[in-house]
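Coordinates in review
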Amino acid sequence: MIFGDLKHSNRYENLHRDFKKAFEYIKTTNWVEMDFGKTELDGENLFIIYSNPECLSKQDQVLEYHQKYLDIHILLEGKETIGWKSLDSCTKLKKPFNPSEDYGLYSDKPTTYITLYPNEFAIIYPEDAHAPIIGEGKIRKLVVKIKV
């Protein structure tokens, strides 16, 4: 997992061929004017999910993981905590991996937590089990999905 600020996103653009396209689109779009939902930048290879979820407590959130996509979580409004644990060290399977929905769940407790503030992001790879949307109240966020 990698954490950063959007103003320094160019430092990470060489890590994947679609990072530059995704970060440029995010930084040049007026998200306040956009409707919540999915925006495709390259079909199912690269898309953004814009949402306004209600946060959960640390006790109520579980770890999720993906195999087909990596995520970039970008906070636009509010404060969000994301739990992390290496997928290789997860042992308490809650929901087996579903290939058609590209996720599985573990009930292990995260080993690390980070907090995102507006314009900060977390790049989450398939080996990163993560528990997003932890906090209080509603947030506005983007999740970029990039096929690996």
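Now for a quick tour of the structure. On a predicted model such as this, the values are computed, not experimentally measured, just so you know. (Residues numbered from 1 in each chain as written. Predicted model: local features only at pLDDT ≥ 70, side-chain atom pairs only at ≥ 80, totals over all residues. Heavy atoms only, no water.)

Quick word on unusual backbone geometry
Phi at Asp102 takes a positive value of approximately 55°, unusual for a residue other than glycine. Within the fold, Asp102 resides in the loop between β7 (93-98) and β8 (103-106). Asp102 gets classed as buried once you look at its relative accessible area, which sits at 5%. With a phi angle near 60°, Ile133 is a residue other than glycine that sits in the positive phi range. (Helix = DSSP H or I, 4+ residues; strand = E, 2+ residues; numbered from the N terminus. Buried < 20%, exposed > 50% of the residue type's maximum accessible area, 1.4 Å probe, protein only.)

Quick word on the sheet that holds strand β12 (residues 140-147)
In any sheet, the strands associate via hydrogen bonds between backbone groups, in a parallel or an antiparallel arrangement. Spatial strand order, β1-β10-β5-β12-β3-β2: 6 strands in an open sheet with antiparallel pairing. Only two strands of the sheet have a single neighbouring strand rather than two, namely β1 (2-5) and β2 (37-42). Mean inter-strand twist for the sheet, computed between neighbouring axes without regard to direction, equals 20°. Bridge count between strand β5 (residues 69-77) and strand β10 (residues 120-124): 4 bridges; the pairing is antiparallel. Bridge assignment links His73 to a residue of β10, and that residue is Ala122. Strands β2, β3 (46-51), β5, β10 and β12 of the sheet are contacted by helix α1 (residues 19-28), whose axis makes an angle of about 135° with β2. (Pairing = 2+ DSSP bridges. Axes fitted to C-alpha atoms, helices over the stretch in contact; angles between N-to-C directions. Contact = heavy atoms within 4.5 Å.)

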